[in-house]
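Residues per chain, in single letters:
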Amino acid sequence: MHYWHFGFSFGVNRRQQISVILNQHMISLCSQILPADFCLNFKNIMSGKYPSFITRTHSQPLHHARLSSGTITNGFRKGPRKSLWRSRVLSSEAMQAVQYLKLSKSCPERLNNVVATRLSRLLKSDLVDTFAELKRQNEFDLVLLVFDYMRKEVGYRPELSIYCDMILMLGKMDLVQEAEKLFLELNKEGLEPDTRTYTEMIGAYLHSGLMEKAMETYELMKASGCDPDKLTLTILIRNLEKASEKELANTIKEECVRYVDFPEKFLEEVARTYPKKG
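These numbers come from a predicted model, not from an experiment.

Tallied over the entire structure, the rule returns 12 salt bridges. The partner of Lys 213 in a salt bridge is Glu 180, and the shortest N-O contact between them spans 3.9 Å. With Lys 213 in helix H10 (residues 211-223) and Glu 180 in helix H8 (residues 176-188), this residue pair connects regions lying 33 residues apart in the sequence. Lys 213 gets classed as partly exposed once you look at its relative accessible area, which sits at 38%. Taking the relative accessible area as the measure of exposure, Glu 180 reaches 22% and is therefore partly exposed.

Below you can see the structure in the form of structure tokens.
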């Protein structure tokens, strides 16, 4: 047993020596015909180690994804992932129309020429974008010009949202009569005023200090089946209190129970956002 044990040990050591010699010969042969990187990996394999393309530390992962609040990155993407949502960008034609209108507004002759040569070439979507951009820049006279041009176009279809924008703008300019005309034209155009339309008209009256007209429109709004929303009620309460119309303001507050969920919380928010002065 003792001799067999040492003989077995001797045999194992001998086999290991032979294996090492063969590995060295194979590595030497590979180095003559294969690239150096492959030979290094082959040498690591023969010595019981993993090749370099398999062994990686935690600081150098093959594919690493990190999740954070609103940011997603990985090993194949540089920087945070861009949002899928894109804001609408004006076309070059719409941008040129806006610029030419602004440059020509002081000269009626040039302005008419711009309308004939620029606006007439715009697609409907570009024309609406031109209208919206001029409104954003508070170019009210040009907005009125584009609005009138739109209504004269062949195949014109009125849109309630554009009328609401116009009533809001005219109210800010204290052109209440013009706003009233547009409001009355809705029925002729086959449009029914909605909550926003009534709210913009109420706001136009309040901006000009016409409290009775504002309350009449508010009653007409409810009679037509349009329920006032939080914006309607906020505008009324704020302006009536500002004008020292406490009874009317209290009436609106009492009606909040019918139109607003959690009316007490809503009124507290209005009072906190628009505190009384004096």
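Glancing now at unusual backbone geometry. In this model, Asp 174 sits at a positive phi of 60°, which is unusual for a non-glycine residue. If you trace the backbone, Asp 174 turns up in the loop between helix H7 (160-172) and H8. Residues other than glycine seldom take positive phi values, yet Ser 244 does so here, at roughly 65°. Relative to the assigned elements, Ser 244 resides in the loop between helix H11 (230-242) and helix H12 (246-259).

Scanning all chains against the criterion turns up 3 aromatic pairs. Ring geometry for Phe 131 versus Phe 147: centroids 6.4 Å apart, planes at 40°, classification tilted. Separated by 16 residues along the polypeptide, Phe 131 in helix H5 (residues 124-136) and Phe 147 in helix H6 (residues 140-152) bring together distant segments of the chain. Residue classification places Phe 131 among the buried residues on the basis of a relative accessible area of 2%.

Before going further, it helps to spend a moment on the UniProt feature "repeat: PPR" (unreviewed entry) in the protein chain. The UniProt entry lists residues 159-193 and 194-228 under the feature "repeat: PPR" (unreviewed entry), expressed in the numbering used here. In the segment residues 159-193, helix accounts for 74% and strand for 0%; the C-alpha atoms at its two ends are 11 Å apart.

With that out of the way, let us pick up the packing of H5 against H6. Contact geometry for H5 and H6: axes closest at 9 Å, N-to-C directions at 160°. Accordingly, the angle class assigned to the pair H5 and H6 is roughly antiparallel. At the point where H5 passes H6, the crossing takes the left-handed sense. Contacts from Leu 127, Val 128, Phe 131, Leu 134 and Lys 135 in H5 reach Leu 142, Val 143, Val 146, Phe 147, Tyr 149 and Met 150 in H6. Its residues placed into classes, the contact of H5 with H6 shows 10 nonpolar, no polar and 1 charged.

Let us look at helix H4 (residues 108-117). For H4, the set of buried residues is Leu 111, Val 114 and Val 115. Down the axis of H4, the buried side of the element spans an arc of 100°, and every buried residue falls inside it. Exposed side chains of H4 directed beyond 90 degrees from the buried face belong to Glu 109 and Asn 112.

This paragraph deals with the environment of Met 211. Turning to its location among the elements, Met 211 is positioned in helix H10. Assessed through its relative accessible area of 15%, Met 211 is described here as buried. Taking C-alpha positions, Met 211 is 9.3 Å from Leu 236, a pair spaced 25 residues apart along the chain. Apart from the residues lying within four places of it in its own chain, the contact partners of Met 211 are Leu 206, Asn 239, Leu 240 and Ala 243.

A separate point is the packing of H6 against H7. Viewed as axis vectors pointing N to C, H6 and H7 meet at an angle of 150°, and their least axial separation amounts to 11 Å. Comparing their axes, H7 and H6 come out roughly antiparallel. The crossing of H6 and H7 is left-handed. Along the contact surface, H6 presents Phe 140, Val 143, Leu 144, Phe 147, Met 150 and Arg 151, while H7 presents Ile 162, Tyr 163, Met 166, Met 169 and Leu 170.

About the thresholds
- Residues numbered from 1 in each chain as written.
- Predicted model: local features only at pLDDT ≥ 70, side-chain atom pairs only at ≥ 80, totals over all residues.
- Heavy atoms only, no water.
- Salt bridge = Lys/Arg side-chain N within 4 Å of Asp/Glu carboxyl O.
- Helix = DSSP H or I, 4+ residues; strand = E, 2+ residues; numbered from the N terminus.
- Buried < 20%, exposed > 50% of the residue type's maximum accessible area, 1.4 Å probe, protein only.
- Phe/Tyr/Trp six-rings, centres within 6.5 Å; stacked < 30°, edge-to-face > 60°.
- UniProt positions renumbered as here; feature names shortened; annotations may be inferred.
- Axes fitted to C-alpha atoms, helices over the stretch in contact; angles between N-to-C directions.
- Parallel < 35°, antiparallel > 145°, perpendicular 65-115°, else oblique.
- Left-handed = near helix turned anticlockwise from the far one by under 90°.
- Contact = heavy atoms within 4.5 Å.
- Nonpolar A, V, L, I, M, F, W, Y, C, P; charged D, E, K, R; others polar.
- Arc of directions from axis to C-beta.

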